[in-house]
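What the coordinates show
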Amino acid sequence: MTGAPRIALAESFLQEAVYRSRGDQAGATLLAAGSASCGLGEKPSVSLDLTPRAQEIFEELFGDQSVPLDALKDVMARWVKRQDALDRQRNHFLKDFRAAHGMDRRSYTPEQLAAYEAGLDEVNQVVQQARTEAAKDLLAGAPEPRS
C-alpha cells in the first residue's frame, strides 16, 4: 500500500494515539475537578500504549517488518500534543463565538451562521493538514511492508 491510502491509515493510527491519551486526560481532569475552562484539562496527557485498533493499523502499515514502536513514539507524542493544542483552539473559537452570539445556532442570522461555519472549517482544515503532515513524518522513518 502506497500513497494516499497509506497516509490515511497513518492518520488513523495517530488518531488512535489521541483517543488513548484523551482517555487518560479525561480521568486526570475529573480528578482535578475539571479545572480547565475548555474541558480538556490543564495540559495534554500523552499515553502511547496501543489500543487494539492501533495495533491492527500498526500491523497493516508495517507488516511483519521489524519496525519498533519506540521509533514512532516521538512522532506520536508530538501529534498528541499538537492535536490537543488544535482542539483547544477549536474550543476557544466556539466559546468566544457563543459568548458573542449565544449558544443556540438556530437563532443566528445567516451572516452569523456563515461566520460560525467558516471559523470551524478553518480550524478543521488546519487540523487535517497538520494530521497529514504528522502521518507523513510517522511514515518517513519506517519502510513500507513487503507484499
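For the structure, see preceding data.
Residues numbered from 1 in each chain as written. Predicted model: local features only at pLDDT ≥ 70, side-chain atom pairs only at ≥ 80, totals over all residues. Heavy atoms only, no water.

1. Side note on the side chain of Thr51
- Position of Thr51 relative to the elements: it lies in the loop between helix H1 (3-31) and helix H2 (52-62).
- Within the structure, Thr51 has its side chain in polar contact with the side chain of Glu16 (distance 2.6 Å). (Helix = DSSP H or I, 4+ residues; strand = E, 2+ residues; numbered from the N terminus. Polar contact = N/O pair within 3.5 Å; in protein donor to acceptor, adjacent residues only side chain to side chain.)

2. Digging into the packing of aromatic side chains
- Inspection of the entire model under this criterion finds seven aromatic pairs.
- A ring pair is formed by Phe97 and Tyr108, whose centres lie 5.4 Å apart and whose planes are at 70°; its orientation type is edge-to-face. Placement of the pair is Phe97 in helix H3 (residues 73-101) and Tyr108 in the loop between H3 and helix H4 (110-140), with a sequence separation of eleven residues.
- One aromatic cluster is present, formed by Phe93, Phe97, Tyr108 and Tyr116 through successive ring pairs. (Phe/Tyr/Trp six-rings, centres within 6.5 Å; stacked < 30°, edge-to-face > 60°.)

3. Re H4
- Across its 31 residues, H4 extends 44 Å between first and last C-alpha, which sits within 8% of the 45 Å expected from 1.5 Å per residue.
- Taken residue by residue, H4 has Tyr116, Gly119, Leu120, Val123, Val127, Ala130, Arg131, Thr132, Ala134, Ala135, Leu138 and Leu139 as its buried positions. (Expected span 1.5 Å × (residues − 1). Buried < 20%, exposed > 50% of the residue type's maximum accessible area, 1.4 Å probe, protein only.)

4. Thoughts on the pattern of salt bridges
- Counting across every chain of the model gives six salt bridges.
- Ionic pairing is found between Arg53 and Glu56, a salt bridge with its closest N-O pair at 3.2 Å. Highlighted residues: Arg53 and Glu56, both in helix H2, separated by three residues, approximately one helical turn.
- Among the ionic pairs, Asp104 bridges to Arg106, the shortest N-O distance being 2.9 Å.
- In this structure Asp104 comes out as partly exposed when scored by relative accessible area, which is 32%.
- Using a relative accessible area of 76% as the deciding quantity, one classes Arg106 as exposed. (Salt bridge = Lys/Arg side-chain N within 4 Å of Asp/Glu carboxyl O.)

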